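As a plain string of letters, each chain reads:
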Amino acid sequence: MKYFLLGLYAVVFLGCSAPPAKEVVGTLVSTDSGQVHGVSSDHPVVRWKDIPYAQPPVDELRWRAPRRLAVSQERLYPSESDILCPQESGEISGTEEGAIVGQEDCLYLDVVAPLDYATRSYPVMFWIHGGGNTSGQKGTYDYSALAAREEVVVVTINYRLGPLGWFTHPSLQDAAQGLDASGNFGTLDIIAALEWTQRNIASFGGDPANVTIFGESAGGRNVYSMLVSPLSEGLFHKAVAQSPTLHSYSPQQAYNADNEFPSISRGSWQVVGELDKDNSTVSAEELRALPADSLLSAYFGIYKDHAEPLIVGDGEVIPREGLLAALGDPKYAKDVPVIAGSNRDEVTLWLGLSRYFVDADDVLFGVLPPKLRIREPELFRYWVEQRGRGWKVRAVDQALVNLEAAGYRDLFAYRFDWDEQADNWFVPFSKVLGAAHASEIAFVMGAPMYGSVGEYMYPDTDSAEAMTQIMMSAWGEFARTGRPGRVKELAWPQFSGANPEVMVLDAGEDTVRVLRDSPGLDGLLEDVATTPSPLSPLETCMLVWELLTAVGDAAYEEYQQWNDGSCAPVDVPAEKAAVRAVLTQEYGSPTVF
């Protein structure tokens, strides 16, 4: 989609590059990392950029717990370009396609605060970006508008990603002690950034006794990690998980020796093998000497058609029972207010570009970009609806029910429904994407997301402004008080297993409402089995596979047993590979762009 829209709307989206931000007089702040000067914004706030919060995790510090920096009074300067941890290039990282980008010296954070920060003590909001824990960066997110509008201090961070952030291999763990043996290095980075925030945020006008962590997608999963980790105790006081996921793995799965778990890809045993190294003889020194781009090329060179082990129940950073079970265990409970929610049309971010669901008609023999249309609207709508319900059931409802069992009292749930994008003749955004995964971020941030399509997904309309007011007000009120307040005069109810009420967030007069659609995974699968649908038997098995293996820990046995074993003979990964092959042969790619 990027190249299509850049070609068609280059003047609108690219324009001229923004001038460098100017230093603001009188905003030099001393931190234990060094002295940093604030820069200007289009909003009445000050921004401090690229502050290191831990020693660079390079050379001997690769695959070790983050080390605290020595206290320094050195003057720090923002980088001339975005600092991002090593990852594949692309839209999520804000870079062009085609290479491994980023640097291992990437443990930096940004802070934004209202102009009067020096004399105030504002609530702190600590953002954890998404991207599957394999991509993304702090520079994508500018929360200046939120800081100004809701009078909060916002911290955005980088953390190690992919195989540099989560890697469990006996050659590393056997030679390590304490947290260096964890494997959860990206999780430890987030904890280190929270510790830095506790030590330093008062200098930026933030209240260290009122810190709200919030994150989206894998960032939401990392919010759940903070809720269960014994090491994060006292570092935050409220939590928001936006479209979270809940995957976690055992150390054995993360290593996956001899492909013991065939449904897992990119285990460290597979990655090391891809590097032509012998797992039984490779040393920690050899692994640390590997160039980062070689390591990531091997990692991403393994086709990801199965589960991807990242967060590991190591027993130190993450409880051995894994994320979902640990959320329900009182001994890990933080007893802080929690909001969790999902978007109605989560999976359109992927299905809306799939040739299986969407076609692209040539215009003027290919001179103009293609016109998108949904092939079978009823099939597409049904699939999106059930997957959206499944996301909510697995990663929101079940997580909140477990938190309640662990003793949490102030729990709130939402579903984001806004879908009034700026359609055009080429792309009906409201139908193809709608309330897609990550679309709510723009309304919390007050600025477009989605790169080149951002101004269509977040248009300059009264509806978008109303939605921004709703999201910012709720998130800001929650950061201040631990309760999200009212939405269009409608009270936001607390969530409980006995009363699983969810606030529907939308901008229309009649669309904001309280919803009760919490059938549990078993109830949702029963709906699929008993309710007529536009899906073929094969498509039904594919949908059931996705409901049981995506978002949360994969339930392969349940797939085999579903509906009296009707799908047991269907090898869904093989069927999906066959579909991709057919689409590639016919169109050159299984995706539209």
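Reading the values: the criteria
Residues numbered from 1 in each chain as written. Predicted model: local features only at pLDDT ≥ 70, side-chain atom pairs only at ≥ 80, totals over all residues. Heavy atoms only, no water. Helix = DSSP H or I, 4+ residues; strand = E, 2+ residues; numbered from the N terminus. Rg over C-alpha atoms; globule rule 2.2 N^0.38 Å. Buried < 20%, exposed > 50% of the residue type's maximum accessible area, 1.4 Å probe, protein only. Contact = heavy atoms within 4.5 Å. Areas by Shrake-Rupley, 256 points an atom, 1.4 Å probe, with all protein chains shown as cover. Lys, Arg positive; Asp, Glu negative; His and termini not counted. Charge placed at Lys NZ, Arg CZ, Asp CG, Glu CD. Phe/Tyr/Trp six-rings, centres within 6.5 Å; stacked < 30°, edge-to-face > 60°. Patch = residues over 30% accessible without salt bridge, like charges linked within 9 Å, V, L, I, M, F, W, Y side chains within 5 Å. Salt bridge = Lys/Arg side-chain N within 4 Å of Asp/Glu carboxyl O. Pairing = 2+ DSSP bridges. Axes fitted to C-alpha atoms, helices over the stretch in contact; angles between N-to-C directions. Parallel < 35°, antiparallel > 145°, perpendicular 65-115°, else oblique. Nonpolar A, V, L, I, M, F, W, Y, C, P; charged D, E, K, R; others polar. Left-handed = near helix turned anticlockwise from the far one by under 90°. Disulfide = S-S within 2.5 Å. Arc of directions from axis to C-beta.

Colleague: Whenever I open this one, the overall build of the protein chain confuses me. Can you help?
Modeller: Counting secondary structure elements, the protein chain contains 22 helices and 19 strands. Whereas a compact globule of 593 residues would reach a radius of gyration of roughly 25 Å, the protein chain reaches 23 Å, a difference of no more than 12%. Its C-alpha atoms give the protein chain principal-axis dimensions of about 65 × 65 × 55 Å. Here the protein chain holds 593 residues, and the buried ones make up 58% of them. For the protein chain, long-range pairs separated by at least 24 residues make up 72% of all intrachain contacts whose partners lie at least 6 apart in sequence. Surface accessibility of the protein chain: about 23,300 Å² in total, with carbon and sulfur atoms responsible for 51%. Both charge centroids of the protein chain, one from 44 positive and one from 81 negative side chains, sit 3 Å from each other.

Colleague: I'm lost on the packing of aromatic side chains in this one. Help?
Modeller: Each aromatic ring pair is described using two quantities: the centre-to-centre distance and the angle formed by the ring planes. Inspection of the entire model under this criterion finds 23 aromatic pairs. Between Tyr-414 and Trp-475, the ring centres sit 5.5 Å apart and the planes meet at 65 degrees, which makes this aromatic pair edge-to-face. Taken together, the residues span a long stretch of sequence, with Tyr-414 in strand S15 (residues 411–416) and Trp-475 in helix H18 (residues 462–481) at a distance of 61 residues. Take Trp-475: its relative accessible area is 1%, and that puts it in the buried class. Their ring planes at 85 degrees and their centres at 5.3 Å tell us that Trp-425 and Phe-426 sit as a pair that is edge-to-face. The exposure class of Trp-425 is exposed, given its relative accessible area of 52%.

Colleague: What am I meant to see in a negative patch on the surface here?
Modeller: Together, Asp-522, Glu-526, Glu-557 and Glu-558 make up a region of like negative charge exposed at the surface. Looking at the negative patch, the elements that each hand over two or more residues are helix H19 (520–530) and helix H21 (556–565). Residue placement: Glu-558 occurs in helix H21.

Colleague: Before we go on, may I ask you to explain the pairing of strand S1 (residues 23–31) in this structure?
Modeller: Within a regular beta strand, the side chains point alternately toward one face of the sheet and then the other, so they alternate between its two faces. Where S1 meets strand S2 (residues 34–39), 5 bridges bridge the pair, whose relative direction is antiparallel. Bridge pairing links Glu-23 to Val-39 in S2. Adjacent in sequence and paired antiparallel, S1 and S2 are bridged by 2 residues.

Colleague: When you look at the packing of H19 against helix H20 (residues 537–549) in this model, what are you seeing that I'm missing?
Modeller: For any two helices packed against each other, one specifies the crossing angle of their axes together with the interaxial distance. Axis separation between H19 and H20 bottoms out at 11 Å; the angle between their running directions is 175 degrees. When the interaxial angle is binned, H19 and H20 end up roughly antiparallel. Here Leu-521, Leu-524, Leu-525 and Val-528 of H19 lie close against H20, whose contacting residues are Thr-540, Leu-543, Val-544, Leu-547 and Leu-548. In the contact of H19 with H20, the residues fall into 8 nonpolar, 1 polar and no charged.

Colleague: I keep staring at the packing of helix H14 (residues 377–405) against H20 and nothing clicks. Help me out?
Modeller: Between H14 and H20, the least distance of the axes is 9 Å, while the angle of their chain directions is 20 degrees. When the interaxial angle is binned, H14 and H20 end up roughly parallel. For the crossing formed where H14 meets H20, the hand is right-handed. Between H14 and H20, the residues in contact are Leu-379, Tyr-382, Trp-383, Gln-386, Arg-387, Gly-390 and Arg-394 and Glu-539, Met-542, Leu-543, Glu-546, Leu-547, Leu-548 and Thr-549, respectively.

Colleague: Help me understand the state of the cysteines in this model?
Modeller: Note: disulfide means a covalent bond formed between the sulfur atoms of two cysteine side chains. Counted according to the given criterion, the structure contains 2 disulfides. Linked covalently through their sulfurs, Cys-85 and Cys-106 form a disulfide whose S-S length is 2.0 Å. Taking the torsion about the S-S bond as the criterion, the Cys-85 to Cys-106 disulfide, at about 90 degrees, is right-handed. Separated by 21 residues along the polypeptide, Cys-85 in the loop between strand S4 (75–76) and strand S5 (87–88) and Cys-106 in the loop between strand S6 (100–101) and strand S7 (108–114) bring together distant segments of the chain. Cys-106 shares its class with Cys-85; the two are buried. Between the sulfur of Cys-541 and that of Cys-567 lies a disulfide, 2.0 Å long from S to S. Because the sign of the S-S torsion sets the handedness, a value of about -90 degrees for the bond joining Cys-541 and Cys-567 places this disulfide among the left-handed ones. A residue pair is termed long-range when its members are at least 10 positions apart, and Cys-541 in helix H20 and Cys-567 in the loop between H21 and helix H22 (572–587) qualify at 26 residues. This pair shows no difference in class: Cys-541 is buried, exactly as Cys-567 is. Along the protein chain, the cysteines engaged in disulfide bonds are linked according to the scheme 1-2, 3-4 when indexed in sequence order.

Colleague: Just to check I follow, could you spell out H19 for this structure?
Modeller: Side chains three or four residues apart in an α-helix point the same way, a direct result of the helix having 3.6 residues per turn. Every buried residue of H19 is listed here: Leu-524, Leu-525 and Val-528. What you see down the axis of H19 is that its buried residues fit within an arc of 95 degrees, all on one side. For H19, exposure combined with an orientation more than 90 degrees from the buried face picks out Asp-522 and Thr-530. Turning to H19, the residues buried within the fold contact H14, H20 and H21.

Colleague: Honestly, the pattern of salt bridges in this entry has me stumped. Any pointers?
Modeller: Side chains that differ in sign of charge can pair as their charged atoms come close. A full pass over the atoms with the stated rule returns 32 salt bridges. Residues Glu-465 and Arg-149 are paired through a salt bridge, measuring 2.7 Å at the closest nitrogen-oxygen approach. Of this pair, Glu-465 sits in helix H18 while Arg-149 sits in helix H3 (residues 144–150), and the two are 316 residues apart along the sequence. Looking at Glu-465, the relative accessible area reads 40%, which means it is partly exposed. Note on Arg-149: relative accessible area 32%, which makes it partly exposed. Note that Arg-381 and Glu-378 form a salt bridge whose closest N and O atoms lie 3.4 Å from each other. With Arg-381 and Glu-378 both in helix H14 and 3 residues apart, the pair spans about one turn of that helix. On the basis of relative accessibility, which here comes to 38%, the residue Arg-381 falls in the partly exposed class. A network of salt bridges, in which partner residues are shared, links Arg-355, Asp-359, Asp-361, Arg-373 and Arg-375.

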